[in-house]
Every structure is written in C-alpha cells, then in structure tokens.
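One letter stands for each residue in the lines below.
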Amino acid sequence: MKKLVKIIEDFIKEDRNVVPFVNFLRYVGPGILVTVGFIDPGNWATNVFAGSMYGYKLLWVISLSTVMLIILQHNAAHLGIVTGYCLSEATSIFINNKLSKIILTSAVIASISTSTAELLGTAIALNMLFKIPIKIGAALSALVIFFVLYSNSYKRLEKIIIGFVSLIGLSFLFEVYLVNINWRTAALSWVIPVIPHNSIVIIMSVLGAVVMPHNLFLHSEIIQSRQWNLQDESVVKKQLKYEFLDTLFSMLIGWAINSAMVLLSAATFYEKGIVVDRLEQAGELLKPIVGSGASIVFAIALLFSGFSSTVTSGMAGGSIFAGIFKEPYNIKDKHTRAGIFISLITALVVIFLVKDSFRVLILSQMILSIQLPITVFTQVYLTSSKRVMKGYANENFSKAILIFLAIIITVLNVKLLIDTIL
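This write-up is about the structure you can find in this document. None of the values given here were measured: they were computed from a predicted structure.

**Some words on the overall build of the chain**
Okay, so step 1: When its secondary structure is counted, the chain shows 19 helices and zero strands.
Okay, so step 2: Within the chain, buried positions represent 57% of all 422 residues.
Okay, so step 3: Summed over all atoms, the accessible surface of the chain reaches about 18,000 Å², with 67% contributed by carbon and sulfur.

Here it is as structure tokens:
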C-alpha cells in the first residue's frame, strides 16, 4: 500500500503543467489490451454460471483473482521494461535451448486453445444477433481478425481495443441499471469469502479463466515495444511507475465488468431459480425476464468481447512464435505472421471438427490448465534472475509472493483438470 501511495504522489507531482489524469492517459494502452483477456467469452460463461448457481456469493473470487492478476501482469510487464525483451524472447535467450523450445511450443498450443474459445464466443454472438451458423460465424470472424492484425500497428490496435472495452463496460452498466441489485449483499460478497456446497469447481474455473498464459506473454511484448532508452535508469523507473498505474487501472476495469456479469446473472437467473451453463441460453432467457433490449445488448457486448479478445490472442500467438526465433513481434516479419496464422487457423479447424461447442470450451480450458503453471514458473524464474534483470530482479519478499501464487495456480489448475477429466 505504501508503494502505491508513493507512486501516486510522484505521479501527481511529476508535471505540474499538465493535468495529472491527462498525463496518465499518455501511458494507457498495454493494460487495456491485456484486460480484454480478462473479460473474454470464457469469463462470460463462468461468471454467468456462477451468478445463476450461487447468486452474489462468489463475487469475492473476482476480487481475489484480480489481485493475483495485477501482481502477475505487473511482473510480466516489469520483464519487458527492464530487459527490452518480451517473455517469449527472454525464454529463448536466457533458458536452455531445448527446454525453451518445449516451454514456448506449449505456449503456442495454449495460444491456439485461447483463440479457439475466443473465436467460438464471437461466433456465438453472431448467431445470437443474426442467426449465422456457428462455423460460418467463426470463419467470418477469423477473416476480419486476420485483416485487422495484418494491417494495423500497435497504436491503432490499442485505440480499437480501448473502444471495444469501453462499449462492453457501457453495455453492462445498462444491463445492471435494468435489474434490481441487492447492493448491500453484493458489497459484503466482494470482500467476505464464502464457499457454498459443491462450488469448488466453479471457484477454480473463475480463477483459471482470469490468469491466462497468453496475457503474460502479450503484456511483456506490448510494454517493451514502445522502445525507450534502457541505458537511462530514470527512463526505466518512470516506465515502471506508469506501467503499474496502467495495469492497476486496467485490471480494475476488468474487475468491474466481471463483477457486473455476476451481478446481472444473480439478479435475474438466480432470483428465478434458473441455472445457466451456456451463453446462447443466457441471451434467450434474458428476454422474458428483463426484455428483448437487454438480450440484444448482451449479445452485442459478447461480440465486442469475442472480437477484441481474439485479436489479442492472435497477437500473443505471433509474439510467442516470433520469440522462438529470438525476435520481437513485428507484423511485417514472417515469423510473427506465421504465429498469428497458426493460432487462428488451427483454432478454426478445431471449431469445424468438433461438433459440440461446449466440448470445445472444455477442451480449451483443459489445455490452459496444463500450460499456465509452466508459463508462470518460467516468468518468476526470469524476473528473479539477476543475470536477466540485473538490479531490478525480484526482491526476496516479491519472489516469495510470486512463488506462492505460482503454487496456488498450479494446485488449482491440476485440481480443475482432474475434475474435468473425471
């Protein structure tokens, strides 16, 4: 808390000729891009189910997972700022060649898995809005996303994604406004942990849907792509300070939107005794409860979420694959383009081959459960190494917290994987 207060004080004092908030906006972008992965269709599915099954009781899981996410994403961005390498490049450069290839190949598979779930979410939204068949919707979405990724720079993509996140947030403000929320119960549920009977699997699913491997790779890539003078220590410290504020601000937006999903589901489906385990079902059931307008807004927000999260998962795929060759993300480079192509096309093939969309989501979650601990432990190893980070390596206290979080994530994901298989 003292660190946060100090950062904010320095931020306000830094440039008295510029309104502090305006000064801060210059640095907003990387965190928002990562936030998209925090509000993707997978999160929608788990949050809607959690709210319909347990009401407001699991809101504390959103709060806990957001705190974990802030720590891990800040650490990933820390790596990019200090070294000038993204997580994928750093893995190739500082870890044994054979081991690094195993780590990054598994990360590419995780990126494909993520893109599969995101494309599917976009296709479901198109089906809800325009009755377009799921497979055709997925193919159309992939084509549009290829065009966006192959023709846009980071800055233009940041503006597009910020716009989408804003629209998603406004959509849920509208949805929450339409229903009667028990705000006293919600406020207590955000901070007081309650574990209802038979809820451990959904608790782990919510946690697992928040911290995702591709986001750790993506954040380290985006933050280092801004190209500043790494030889000037004051520049590095300034970037670290603003990155933390950007990450904190962006993750809190993600917390608010995820909370709104649970609030909406609790106030509508839970109150009516309806359990919702499919996104298509949620849109249809909102009509008689809240009205057709709410159902349409829900589908539009899902479309924005699916589209923007597929863009970022494609970028992550390009970054990871380029890193195997010790290269940064560069849309003009063949390795970056190949990574994007592999991530999106393989995801599309999976959607076409597997008939049951619910099975696709389950499969993608299983793959992420296996890979996430690999990425987290790799990141903690790199950011704790003085050879990699020099004077900015994790201090003992920070290292202990990161290792503790890595162990928690590993245990939860292994348990979730076992429960999913059995």
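Still more to cover.
**Observations regarding the packing of helix H6 (residues 87–94) against helix H15 (residues 292–324)**
Okay, so step 1: Contact geometry of H6 with H15 gives a least axis separation of 7 Å together with a crossing angle of 20 degrees. It follows that H6 is roughly parallel to H15 by the angle criterion. The crossing of H6 and H15 is right-handed. Along its contact with H6, which presents Ser88, Glu89 and Ser92, the element H15 presents Ser319, Ile320, Gly323 and Ile324.
Okay, so step 2: Per-class residue counts for the contact of H6 with H15 are two nonpolar, four polar and one charged.

**Points about helix H16 (residues 334–353)**
Okay, so step 1: With 20 residues, H16 ought to run about 28 Å at 1.5 Å a step, and its terminal C-alpha atoms sit 28 Å apart, in line with that.
Okay, so step 2: Turning to H16, its buried residues are His335, Thr336, Gly339, Ile340, Ser343, Leu344, Ala347, Leu348 and Ile351.
Okay, so step 3: Taken together, the buried residues of H16 touch helix H7 (97–130), helix H8 (134–151) and H15.
Okay, so step 4: Two or three places before histidine 335, at the opening of H16, aspartate 333 has a side-chain oxygen 3.0 Å from that residue's backbone nitrogen.

**A word on the nonpolar core**
Okay, so step 1: With 122 residues, the main nonpolar core has Leu149, Phe172, Phe298 and Val311 as its most contacted residues.
Okay, so step 2: Per-element tally for this core: the top contributor is helix H13 (residues 233–270), with 14 residues.
Okay, so step 3: Phenylalanine 298 has contacts with Trp44, Val48, Met128, Glu175, Leu264, Leu279, Ala282, Gly283 and Leu286, leaving out every residue within four places of it along the chain.

The rules behind these values
- Residues numbered from 1 in each chain as written.
- Predicted model: local features only at pLDDT ≥ 70, side-chain atom pairs only at ≥ 80, totals over all residues.
- Heavy atoms only, no water.
- Helix = DSSP H or I, 4+ residues; strand = E, 2+ residues; numbered from the N terminus.
- Buried < 20%, exposed > 50% of the residue type's maximum accessible area, 1.4 Å probe, protein only.
- Areas by Shrake-Rupley, 256 points an atom, 1.4 Å probe, with all protein chains shown as cover.
- Axes fitted to C-alpha atoms, helices over the stretch in contact; angles between N-to-C directions.
- Parallel < 35°, antiparallel > 145°, perpendicular 65-115°, else oblique.
- Left-handed = near helix turned anticlockwise from the far one by under 90°.
- Contact = heavy atoms within 4.5 Å.
- Nonpolar A, V, L, I, M, F, W, Y, C, P; charged D, E, K, R; others polar.
- Expected span 1.5 Å × (residues − 1).
- Polar contact = N/O pair within 3.5 Å; in protein donor to acceptor, adjacent residues only side chain to side chain.
- Core = buried A, V, L, I, M, F, W, Y, C linked by side-chain atoms within 4.5 Å.

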